[in-house]
Amino acid sequence: MAESQIVTPRPYARTSSAALPLFALAVILAALITLPFWATGYTQRSVLEFLYFLALAQAWNLMAGYAGMMSIGQQAFVGIGAYGLVVMAEDLGINPFLTVPLAAILAVILAVPVSWLLFRLKGAYFAVATWVIAETVRLTVNANIDWLGGGRGRTVRSLGQFDRHLREDLGYWVALALAIIAVFGVFFLLRSKTGLALQAIRDTENGARSVGVETRRTKRIVYLFAAAIAGATGALIYIVQINVRPDAAFSINWAAYVIFIVVIGGIGTIEGPILGTLVFFFLRDMLADLEAWSMLIFGLIAIMMMLFAPKGLWGLLNTHRPVLLFRTARRLPERFAAHKEGE
Amino acid sequence: MVSAVTEVFTPLGPVLEARALTKRYGALTVNDAVSFSLAPGEALGVLGPNGAGKTTLLKMLAGSTAPSAGQVLYDGRDMSGLTEPARCRQGIVRTSQVPQPFEQISVWENVLTAAYHGGGHHGDAAEEVAYTALKRTGLLERHDEMAGALSLMGRKRLELSRALACEPKVLLLDEIAGGLTDFEVHDLVVLIQDIRTSGVSIIWIEHVVHALVAVVDRLIALDFGQLIAEGTPDEVMEGEAFKRAYFGQDAILEGAR
Ligand SMILES: Nc1ncnc2c1ncn2[C@@H]1O[C@H](COP(=O)(O)OP(=O)(O)OP(=O)(O)O)[C@@H](O)[C@H]1O
Ligand SMILES: [Mg+2]
């Protein structure tokens, strides 16, 4: 009877199309890995910046888009990563490139106690608290800690040991590794047991708790993951920029741009932040002459997007011609479907 | 202490027990010292007019809301310190009166989430459990649909499928038959009887009385947060207090005429 209708695929679930995105992905990855050998220095620096914004955007999207934690204070961890680089490379003599993963660990260690505080709050209170904490850290570093150079910051002199091209190439590959870890980390997380929990939390937190999901623990995992990515990004950014100043390292722009990227691209998907980062770079180039006004325009675009296309550009594209680069959906295993049909 | 020990060693002690459960919202007392117990394998029905406090009572049992006073005992153990997800994994599972589907993932993924987390299974075992749950509720053929696209009937079945995938020992059902056709209610009654036969203890809130009495051994009735009657379905529904609560003073007077 109804048994024969068992396989009712969702509209986009054409399995044969899976090979194409995979091929495209391989080509893109190969191009990115070899980029320092064929691209100009300008292109390489732009792509590097693209890569770390992508990493930040993926992490923020996981945290806000799935776990519902609207942090506007991720710059705290970017800054901590930046100063982690300064202290580890300058004062402890650690290889600057090695400080990138260490900065991630440092950010996680500091994020744990912060999460105890933050997780008592919800919604807007949570958001404001993340910002207050980030500002507090910035002001503290700015005014009170001579060792970190106060408002003028410090320079990572030990980077002088590397030839400029070598430093830029290594920095580029670290950025690529970071972006790959962020994108595929999110992808594999979403396909796991924890990923289902996250998607359940996104849709209804009460419902998730009623089927045994430890919502707090799941959220904490995501919060710490986002802190790790931001910390590593902070160290990476200043391997490229060399001078670490508190106002720049702890700038709210790190949060603002990333939120813009995710909102424009499409919150709650992996593809959205990728598209959003592309659009952000395109727009930033176009609006470069407007300086301070460009922030206003970014803000207006983001607000229009939230009002009229809350699922972002990816959401708009995906309704008309469904393509999925990252298939995170879990489907009824073949063994059950076959079992039903073979009767 | 002594009582705790005897409870552990009494095989037929209650599986779930409410002791003077009280819930207040400011000046409003929604549940007032409600006590009852549920025997292993028993099906207990809960009746009461709208706003009587039935849902609140079930939420306190499941740990989704904390009582203002009183205790919940499960297999003789005090559940006060346990959160809702922890109780769910231990076997106290509640379906919500207003279904809570995970709208942007598929029916299959909804139930799989429950099998992983509530059921505590990994890998293939979780998939087995999710598959069995969907098959039992008749929702299997819609496994690939987004949960947000389901009708009310579908959502209610999904709620039940997810609860089953948590492998409950005590199943708390909140108006799972509300809004269904007679035909659908009949199927549901058969299913709940089947769940019960498999050894699950059940507490079922339902306004569809004929469905309820087809399944339960015993009824309790609530009115304004108080337990006003307890006993077999006949005893409860023939009782004065129950009639007054349900049909009002007029019905009693009319009956007397
Ligand atoms: N979070 C809350 N805050 C304040 N009052 C509440 C809250 N939750 C429930 N109430 C009140 O408690 C009373 C009992 O609600 P409850 O949902 O338990 O009733 P019910 O018996 O399940 O009713 P129904 O048959 O309509 O589902 C109602 O008056 C309701 O307004
Ligand atoms: Mg209710």
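Residues numbered from 1 in each chain as written. Chains lettered and ligands numbered in written order. Predicted model: local features only at pLDDT ≥ 70, side-chain atom pairs only at ≥ 80, totals over all residues. Heavy atoms only, no water.

- Under an unreviewed UniProt entry, the name given to chain B is Branched-chain amino acid transport system ATP-binding protein, and the organism recorded is Celeribacter baekdonensis.

- You'll find chain A entered in an unreviewed UniProt entry as Branched-chain amino acid transport system permease protein, with Celeribacter baekdonensis given as the organism.
- Heading Subcellular location (unreviewed entry) of the UniProt record for chain A holds this comment: "Cell membrane". (UniProt positions renumbered as here; feature names shortened; annotations may be inferred.)

## Comments concerning the interface of chain B and chain A
Piece 1. Counting residues at the interface gives 37 residues for chain B and 35 residues for chain A.
Piece 2. One can count 6 salt bridges joining chain B with chain A.
Piece 3. Linking chain B with chain A are 12 residue pairs in polar contact (both at pLDDT 80 or more).
Piece 4. At the level of secondary structure, the elements contributing two or more residues to the side of chain B that touches chain A comprise helix H3 (84-90), strand S6 (92-94), helix H4 (107-117) and helix H5 (123-137) of chain B. (Contact = heavy atoms within 4.5 Å. Salt bridge = Lys/Arg side-chain N within 4 Å of Asp/Glu carboxyl O. Polar contact = N/O pair within 3.5 Å; in protein donor to acceptor, adjacent residues only side chain to side chain. Helix = DSSP H or I, 4+ residues; strand = E, 2+ residues; numbered from the N terminus.)

## Things to note about the coordination of the magnesium ion (ligand 2)
All names here are of chain B.
Piece 1. Looking at the metal site, the magnesium ion (ligand 2) is ligated by Thr55 (OG1) and Gln97 (OE1), spaced 1.9 to 2.0 Å from it. Pair noted here: Thr55 is in helix H2 (residues 54-62) and Gln97 is in the loop between S6 and H4, with a separation of 42 residues, a long-range link.
Piece 2. A relative accessible area of 30% places Gln97 in the partly exposed class. (Donors = N, O, S within 2.8 Å, 3.2 Å for Na, K, Ca; no water. Buried < 20%, exposed > 50% of the residue type's maximum accessible area, 1.4 Å probe, protein only.)

## Regarding the domain arrangement of chain B
Residue and element names in this part refer to chain B.
Piece 1. Taken domain by domain, chain B consists of domain 1 (16-91 + 168-252) and domain 2 (101-161).
Piece 2. Put simply, the middle of domain 1 and the middle of domain 2, counted by C-alpha atoms, are 24 Å apart.
Piece 3. Contact residues are listed per partner, giving 14 residues for domain 1 and 8 residues for domain 2.
Piece 4. Taking both partners together, domain 1 and domain 2 bury about 920 Å²; carbon and sulfur atoms supply 67% of that area.
Piece 5. Joining domain 1 to domain 2, the criterion identifies 1 salt bridge.
Piece 6. Across the pair Asp194 and Arg136 runs a salt bridge whose closest N-O atoms are separated by 3.2 Å.
Piece 7. Taken together, the connections running from domain 1 to domain 2 amount to 2 residue pairs in polar contact (both at pLDDT 80 or more).
Piece 8. Listing elements by their share of the side of domain 1 that touches domain 2, those giving two or more residues are H3, strand S7 (170-174) and helix H7 (182-197).
Piece 9. With 5 residues, the top contributor of residues to the side of domain 1 that touches domain 2 is H7.
Piece 10. Considered class by class, the residues forming the side of domain 1 that touches domain 2 number 8 nonpolar, 2 polar and 4 charged. (Domains from an automatic or database assignment. Buried area = accessible area lost by both parts, 1.4 Å probe. Nonpolar A, V, L, I, M, F, W, Y, C, P; charged D, E, K, R; others polar.)

## Observations concerning the pattern of salt bridges
Residues and elements named next belong to chain A.
Piece 1. Per the stated rule, a full pass over the model turns up 23 salt bridges over all chains.
Piece 2. With a closest N to O distance of 4.0 Å, Lys122 and Glu205 form a salt bridge. Of this pair, Lys122 sits in the loop between helix H4 (99-118) and helix H5 (123-144) while Glu205 sits in helix H8 (residues 205-210), and the two are 83 residues apart along the sequence.
Piece 3. Using a relative accessible area of 25% as the deciding quantity, one classes Glu205 as partly exposed.
Piece 4. Close ionic contact of Arg138 with Asp247 constitutes a salt bridge, the shortest N to O distance being 2.7 Å. Within this pair, whereas Arg138 is found in helix H5, its partner Asp247 is found in helix H10 (residues 246-249), the two being separated by 109 residues in sequence.
Piece 5. The exposure class assigned to Arg138 is buried, which follows from its relative accessible area of 17%.

## Some thoughts on the UniProt feature "transmembrane region" (unreviewed entry) in chain A
All names here are of chain A.
Piece 1. Mapped onto the present numbering, the UniProt feature "transmembrane region" (unreviewed entry) falls at residues 20-38, 100-119, 170-190, 221-242, 254-283 and 295-317.
Piece 2. Segment residues 20-38 splits into 100% helix and 0% strand. End C-alpha atoms: 25 Å apart.
Piece 3. From the first C-alpha to the last, residues 254-283 spans 16 Å; its make-up is 83% helix and 0% strand.

## Points about the sheet that holds strand S4 (residues 69-74) of chain B
Residues and elements named next belong to chain B.
Piece 1. If you walk across this open sheet you meet the 4 strands as S2-S1-S4-S5, and the pairing is antiparallel. Each end of this open sheet is capped by a strand with a single partner; those strands are strand S2 (28-38) and strand S5 (77-78).
Piece 2. Across 2 bridges, S4 lies against S5 in antiparallel orientation. The partner of Leu73 across the bridge, within S5, is Asp78. (Pairing = 2+ DSSP bridges.)

## Observations regarding the pairing of strand S10 (residues 226-231) of chain B
All names here are of chain B.
Piece 1. When strand S9 (residues 218-223) meets S10, the two strands line up antiparallel, connected through 5 bridges. In the sheet register, Asp223 faces S10, and the bridge partner there is Gln226.
Piece 2. Linking S9 back to S10 in an antiparallel pair, the connection comprises 2 residues, with Phe224 at a positive phi of about 45°.

## Comments concerning the site of ligand 1
Residue and element names in this part refer to chain B.
Piece 1. In the vicinity of ligand 1, the contacting residues are Tyr25, Val30, Asn50, Gly51, Ala52, Gly53, Lys54, Thr55, Thr56, Gln97, Glu175 and His207.
Piece 2. One of the side-chain N or O atoms of Tyr25 is found 3.5 Å from a nitrogen atom in ligand 1.
Piece 3. In the model, an oxygen atom of ligand 1 is placed 2.9 Å from a nitrogen or oxygen of the Gln97 side chain.
Piece 4. In the complex, the protein chains occlude 61% of the 640 Å² of accessible area that ligand 1 would expose alone.
Piece 5. With 3 residues, H2 is the single largest residue contributor to the shell around ligand 1.
Piece 6. Among the residues forming the shell around ligand 1, the class breakdown is 3 nonpolar, 7 polar and 2 charged. (Near = heavy atom within 4 Å. Areas by Shrake-Rupley, 256 points an atom, 1.4 Å probe, with all protein chains shown as cover.)

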